[in-house]
Amino acid sequence: MFSTSRGIAFVLAVSIALLLVAFLSLMDEVGSMVLLATAALSFSISYLLIHLGLEFLVFKEISNIYNVLEKIQRKDVSFKGVKKIKASLPPLKSIQTNINEYAAAKNREIETLQKNETFRKEFIADISHELKTPIFAAQGYIHTLLDGAVEDHSVRDKFLKRAAKSLNNLDNLVQDLITINQIESGFIRFHPVHFDLRETILEVIEQLEGKAHKRGIRIHFQHAPEERYYTYADREKIFRVLQNLVSNAIKYNKDEGEVTIQLKSHKNHLSVKIKDQGMGIHPEDLKRIFERFYRVEKSRSREKGGTGLGLAIVKHILEGHKSTISVSSILGKGSIFSFDLPVGNSPATLEKKG
């Protein structure tokens, strides 16, 4: 009885009518008919007012709150936002506001979990495929040798080299997976030092010159020779960033093309741009090229090698340096990757400070 607005209204209305009749009965001039009429009238008015007040001001709003809570319990994300209901009573208004905020937060949490689940499924599918490719290739070469091809020395050497290459690709994939997982998990610490970024770029060029020479690609390094480009960053990880970007610029360039590395010094930062003359990247792909295993041309990319994790690692390393990697591209003309690093101090400056 007390769980409904009618039951509560009935009890309160009876109480009010009895109190009013008891008060009027104390007066001698008030007759029994007046007392009866007063009881009936006060009961009716009180019942209607209390019932309507409870029904529309309290129970309706509480019902709306429970509806939202039921949706949350059912993990119903069909509602994108919870409409705020105008509550007349401050406590209910506060409760409704809190429920709205909680529902919105839960909704965002569920959406994030759904996105993570989709990402997990895609990641498992991608990594399964990436692992399967070098493993199956190595298995094919080895089983062919075991079936008798090992007796032919020329075939044996060729297949062993191909199997070794597939296993090297597998090892590179595993190492890149370990690296990106450690960076995202915070297990890899950054150890910034002051160093000359120009010298690091020259080391990368020297390492990759042979790879570029095989395809007739020329590497141009544009900088001011008389200037020193000191930065404050993790030298080993920045070396890997440059190595990945320059290697990609060579790998996806046209034959006998050019790779241009531009280094500029500004007041508070150094800027690096790496430009190639390849086929360029479609605008739809630009938003996704820093995702794990995302390849613009999947078949061509696998033929050229690589794990599909290089740009994802570059992105995470630069984010660890409070920097970002940006890319612009024109189809048929090439792409430009660029990033900034803070200005560091030269050894002489550090000695003075010391």
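Residues numbered from 1 in each chain as written. Predicted model: local features only at pLDDT ≥ 70, side-chain atom pairs only at ≥ 80, totals over all residues. Heavy atoms only, no water.

S.K.: Outline the overall build of the protein chain, supporting the account with residue identities and numerical values.
M.R.: If you tally the helices and strands in the protein chain, you get 10 helices and seven strands. Of all 354 residues assigned to the protein chain, the portion counted as buried reaches 34%. A separation of at least 24 residues holds for 73% of the contacts in the protein chain among residues at least 6 apart in sequence. Roughly 22,100 Å² of accessible area belongs to the protein chain as shown, and the carbon and sulfur atoms make up 57% of that amount. (Helix = DSSP H or I, 4+ residues; strand = E, 2+ residues; numbered from the N terminus. Buried < 20%, exposed > 50% of the residue type's maximum accessible area, 1.4 Å probe, protein only. Contact = heavy atoms within 4.5 Å. Areas by Shrake-Rupley, 256 points an atom, 1.4 Å probe, with all protein chains shown as cover.)

S.K.: Residues and numbers for the nonpolar core, please.
M.R.: Grouped together as the largest cluster of nonpolar side chains are 48 residues, with contacts concentrated most on L197, L242, L245, I261, I274 and F339. For this core, the element with the most residues is helix α6 (residues 235-251), which contributes eight residues. Contact partners of I274, with chain neighbours within four places excluded, come to L242, L245, V246, A249, V259, T260, I261, S335, I336 and F337. (Core = buried A, V, L, I, M, F, W, Y, C linked by side-chain atoms within 4.5 Å.)

S.K.: If you had to explain the pattern of salt bridges to someone new, which residues and values would you point to?
M.R.: Tallied over the full model, the rule gives eight salt bridges. For the salt bridge of D196 with R228, the shortest nitrogen-to-oxygen distance reads 3.6 Å. Linking D196 in strand β1 (residues 193-196) with R228 in the loop between β2 (218-222) and β3 (230-233), this pair joins segments that are 32 residues apart in sequence. Among the residues examined, D196 registers a relative accessible area of 4% and is labelled buried. What makes R228 partly exposed here is its relative accessible area of 44%. D234 is the salt-bridge partner of K237, the closest N and O atoms lying 3.1 Å from each other. (Salt bridge = Lys/Arg side-chain N within 4 Å of Asp/Glu carboxyl O.)

S.K.: Residues and numbers for helix α4 (residues 153-185), please.
M.R.: Its 33 residues place the ends of α4 47 Å apart at the C-alpha level, agreeing with the 48 Å of an ideal helix rising 1.5 Å per residue. Positive backbone phi, approximately 85°, marks G186, located one or two places after α4. (Expected span 1.5 Å × (residues − 1).)

S.K.: Can you lay out the side chain of H316 for me, pointing to particular residues and giving the numbers?
M.R.: Locating H316 in the fold gives a position in helix α9 (residues 310-320). Owing to a relative accessible area of 17%, H316 belongs among the buried residues under this scheme. Excluding anything up to four places from it in sequence, H316 contacts I180, I183, E184 and F190.

S.K.: Could you give me a rundown of the packing of helix α5 (residues 197-214) against α6, with the residues and numbers involved?
M.R.: Here α5 crosses α6 at 40°, and the two axes come no closer than 9 Å. Crossing geometry of α5 relative to α6 is assigned as right-handed. The segment α5 lies against α6, with L197, T200, I201, E203, V204, Q207, L208, K211 and A212 engaging R235, I238, F239, L242, Q243, V246, S247, I250 and K251. Residue composition of the contact of α5 with α6, by class: 10 nonpolar, four polar and four charged. (Axes fitted to C-alpha atoms, helices over the stretch in contact; angles between N-to-C directions. Left-handed = near helix turned anticlockwise from the far one by under 90°. Nonpolar A, V, L, I, M, F, W, Y, C, P; charged D, E, K, R; others polar.)

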